Amino acid sequence: MMKKSIRYVVYVFLLFTVLIQAKHNDTDILLARILTEIRPIDKNRAFFITDSIYHHNSNVHTKVHALFISAYLYHDDFDIPNSLGKALKAIELAEANKSYKWLSRLYGFVGAEYSRLELFGEAVHYFDKIEDILPKINDEYDRVFSTYYYHHLLSSSYYQQKDYSKALESIHQSEIYLNKISSLLLHGDDYLGSNEQNKGINYLELKEYDKAKEAYERGYSYIKESAQFENSLTTAYIYVGLAQISFQQNNKVPTEEILQYYLKGLHIAMINSNRDLKESIYFYLSEYYEYSGDIVNYSKYNKAYLQEKQAKEDFRVATVNELLEKQYIQKEKIDIKNKKYFTVIVSFLIALIILPIAFYVWRKRDKKNKIEEDIPNPNSFLYQLIHISKEKLPSLFESVVWNETDLVDQSEKSIIDGIKKFEQSKGYLDNMVTIESLARVCNTNTTTISRILKKTKNIEFKTYISQYRLLEAVTLLRFEEKYRNYKIGHLAEVTGFSSHSSFTIEFKKIIGVNPSFFIQYLNEVKNKK
């Protein structure tokens with residue numbers, strides 16, 4: 001399972017080396033080499049040179065090129081607001097001067113950045129513009145490259161949306177155009193290697209392992225002589241892809257070769273500070289060590305995976321919020337040009353309408369959630385959760401109560417002992433736990449686990465896990481007051497839920513109210529005392 005956005009760093013890194021022909025001037029050549037030769041060694045110098053070229057060169061096309069390179073350098077630093085800011089500024093300049101070659105690539109770049117943030121509506125808006133631009137590119141070489149680039153980025157957007165068949169169709173389209181110009185490209189083998197690696201990752205998602213392996217091996221053959229081979233992200237993705245194929249085809253039997261592939265990929269990801277790739281490899285390593293029975297390393301990499309996943313989601317949310325705040329007006333200037341003041345006025349009027357409505361809805365919902373302090377119901381489940389002693393609290397959750405009847409045979413008792421040890425160790429707080437992993441711990445199969453839970457607790461596995469996690473949540477909120485001040489998302493994580501939303505849904509379903517209401521109720525009961 002590859003994570004959603006890991007493709008774009010590789011795509012843009014290779015694509016923006018920019019094809020160089022003899023007819024291009026020395027400044028264009030320098031800008032192209034900034035990414036391949038200067039950036040890996042001294043990124044600050046790369047920024048400085050690019051900025052100097054932009055401010056001191058009078059050629060409009062060179063200025064657009066410099067802004068484009070600057071946008072990628074910010075992209076490389078995971079600074080998407082500034083990346084988009086530079087790209088949109090370049091688009092404005094390119095549109096004014098009808099620089100269609102750069103416009104086609106800039107539209108693709110911006111579309112890829114929005115796809116990376118899962119803002120697919122914005123991405124499609126820019127991808128759709130490219131088809132109108134391509135026929136306007138006069139130079140055949142530039143037109144072929146731009147068409148290749150368009151299909152390449154489109155494939156990555158389909159990959160983001162998990163439409164792997166369409167992604168492969170786009171890759172094959174891009175390959176047609178790439179083959180026409182690969183011999184003319186600076187670092188042409190890197191482009192070919194990246195294209196094969198692209199195929200591999202999509203075939204892997206479709207579980208077509210033989211085709212995936214063939215693509216990865218072809219990609220490896222293209223890039224193995226590259227000067228950047230040892231630290232190339234394409235190399236890392238190929239290592240990880242080959243490891244995944246071996247792991248899946250060997251029925252998840254761990255081998256030293258698979259481990260070495262993962263570790264080589266992780267080393268390159270660390271060098272490049274690529275958080276998407278790190279997240280994926282941490283997940284694969286935790287899975288690898290789980291099947292190896294190495295609990296220490298499993299816990300280490302599972303924790304790293306969860307931290308990286310949360311960091312990436314926090315980054316995505318923060319970036320989207322920042323874009324909404326800082327980039328919206330600039331994008332609208334490009335889209336509607338002379339109507340910019342009209343847009344501001346309309347936006348303000350809409351805000352005046354929406355804010356009172358939103359405030360009214362909020363107040364209505366807030367009143368609905370207020371506790372009826374004067375009419376407590378001692379017989380309600382909620383009242384009992386608030387007032388029962390800590391020792392008796394578990395008795396309110398049916399999954400905790402064991403009903404070991406005479407129907408339980410001797411073989412089942414040993415499995416029950418295993419389940420009880422699982423409960424005592426709070427194994428249910430691991431958000432990766434499944435009925436399969438519990439069955440492995442108990443040396444049995446999932447059918448037996450389900451039968452025993454049904455026989456002794458009259459409950460399904462999912463509800464069983466949810467109730468234990470909610471018991472933990474209620475216990476923490478009642479008897480460790482610091483948890484009442486934590487974010488709901490953090491409380492969800494410490495109690496084993498995979499997300500804020502899944503925790504809230506299960507809490508509401510089983511407890512009867514949402515977590516925020518429950519915390520409010522607890523605090524009001526405390527203040528009464």
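This structure is a prediction, so every number in the text was calculated from the model and none was measured.

Break down the packing of helix α10 (residues 188-205) against helix α11 (residues 209-223) for me, citing the residues and quoting the values.
Remark: α10 packs on α11, axes separated minimally by 7 Å, with the N-to-C direction vectors making an angle of 165°. Considered as vectors, α10 and α11 are oriented roughly antiparallel to each other. As α10 packs across α11, the resulting crossing turns out to be left-handed. Along the contact surface, α10 presents Asp189, Asp190, Leu192, Gly193, Glu196, Gln197, Lys199, Gly200, Ile201, Tyr203 and Leu204, while α11 presents Tyr209, Lys211, Ala212, Ala215, Tyr216, Arg218, Gly219, Tyr222 and Ile223. Split by residue class, the contact of α10 with α11 holds 10 nonpolar, four polar and six charged.

Mind laying out unusual backbone geometry, listing which residues take part and the relevant values?
We note that lysine 98 has phi near 50°; this positive angle belongs to a residue other than glycine. Turning to its location among the elements, lysine 98 is positioned in the loop between α5 (80-96) and α6 (100-116). Backbone geometry at asparagine 251 places phi at a positive 55°, although glycine is not the residue there. Examined against the element boundaries, asparagine 251 turns out to sit in the loop between α12 (233-249) and α13 (256-271). Residue asparagine 251 is classed as exposed on the basis of its relative accessible area, which comes to 67%.

So, the side chain of serine 83: which residues are in play, and what are the values?
Along the chain, serine 83 falls in helix α5. Here serine 83 falls in the buried class, since its relative accessible area comes to 0%. A distance of 3.1 Å separates a polar atom in the side chain of serine 83 from the backbone oxygen of alanine 71. If we ignore the near neighbours within four places in the chain, the residues touching serine 83 are Ala71, Tyr74, His75, Phe109 and Glu113.

I'd love a proper account of α12, names of residues and values included.
Taking 1.5 Å as the rise per residue, α12 with 17 residues should run 24 Å; its terminal C-alpha atoms sit 24 Å apart, in good agreement. Burial analysis of α12 places 14 of its 17 residues in the buried class, which makes it a mostly covered element. Its side-chain oxygen at 3.2 Å from the backbone nitrogen of threonine 234, serine 232 defines the N-terminal cap of α12. Two residues or fewer past α12, asparagine 251 is found with a positive phi of approximately 55°.

How would you sum up the packing of α12 against α13? Please name residues and give values.
Axis separation between α12 and α13 bottoms out at 8 Å; the angle between their running directions is 155°. In terms of their interaxial angle, α12 and α13 are classed as roughly antiparallel. Crossing geometry of α12 relative to α13 is assigned as left-handed. Residues Leu233, Thr235, Ala236, Tyr239, Val240, Leu242, Ala243, Gln244, Ser246 and Phe247 of α12 form the contact with α13, whose own contacting residues are Ile258, Tyr261, Tyr262, Lys264, Gly265 and Ile268. When its residues are assigned to classes, the contact of α12 with α13 shows 11 nonpolar, four polar and one charged.

Break down the nonpolar core for me, with residues and values.
Taken as a class, soluble globular proteins show a tendency for nonpolar side chains to be buried jointly. Ranked by size, the top nonpolar core spans 56 residues in total, and within it Ile91, Leu106 and Val110 carry the most contacts. Of all hydrophobic cores here, the second largest spans 47 residues; its members include Cys442, Ile449, Ile488 and Tyr521.

How would you explain the pattern of salt bridges if you had to name every residue and give the values?
Taken as a whole and judged by the stated rule, the model has 14 salt bridges. Within this structure, Glu175, Glu196, Lys199, Glu214 and Arg218 form a network of salt bridges that share partners.

I'd love a proper account of the environment of tyrosine 203, names of residues and values included.
Topologically, tyrosine 203 is positioned in helix α10. By relative accessible area, which is 13% here, tyrosine 203 ends up buried. In this structure, the C-alpha to C-alpha distance between tyrosine 203 and serine 165, residues 38 residues apart in sequence, is 8.6 Å.

With reference to specific residues and values, describe the side chain of serine 155.
Tracing the backbone shows serine 155 in helix α8 (residues 140-160). On the basis of relative accessibility, which here comes to 1%, the residue serine 155 falls in the buried class. At 2.5 Å, the side chain of serine 155 forms a polar contact with the backbone oxygen of histidine 152.

Just give me the short version of α5, but keep the residues and values in it.
The first and last C-alpha atoms of α5 sit 24 Å apart over 17 residues, in line with the 24 Å expected at 1.5 Å per residue. Listed in full, the buried residues belonging to α5 are Ile80, Pro81, Ser83, Leu84, Gly85, Ala87, Leu88, Ala90, Ile91 and Ala94. Count one or two residues on from α5 and you reach lysine 98, which has phi positive near 50°.

What counts and what doesn't
Residues numbered from 1 in each chain as written. Predicted model: local features only at pLDDT ≥ 70, side-chain atom pairs only at ≥ 80, totals over all residues. Heavy atoms only, no water. Axes fitted to C-alpha atoms, helices over the stretch in contact; angles between N-to-C directions. Helix = DSSP H or I, 4+ residues; strand = E, 2+ residues; numbered from the N terminus. Parallel < 35°, antiparallel > 145°, perpendicular 65-115°, else oblique. Left-handed = near helix turned anticlockwise from the far one by under 90°. Contact = heavy atoms within 4.5 Å. Nonpolar A, V, L, I, M, F, W, Y, C, P; charged D, E, K, R; others polar. Buried < 20%, exposed > 50% of the residue type's maximum accessible area, 1.4 Å probe, protein only. Polar contact = N/O pair within 3.5 Å; in protein donor to acceptor, adjacent residues only side chain to side chain. Expected span 1.5 Å × (residues − 1). Core = buried A, V, L, I, M, F, W, Y, C linked by side-chain atoms within 4.5 Å. Salt bridge = Lys/Arg side-chain N within 4 Å of Asp/Glu carboxyl O.

In short, the description is geometric, and any link to function would need to be established separately.
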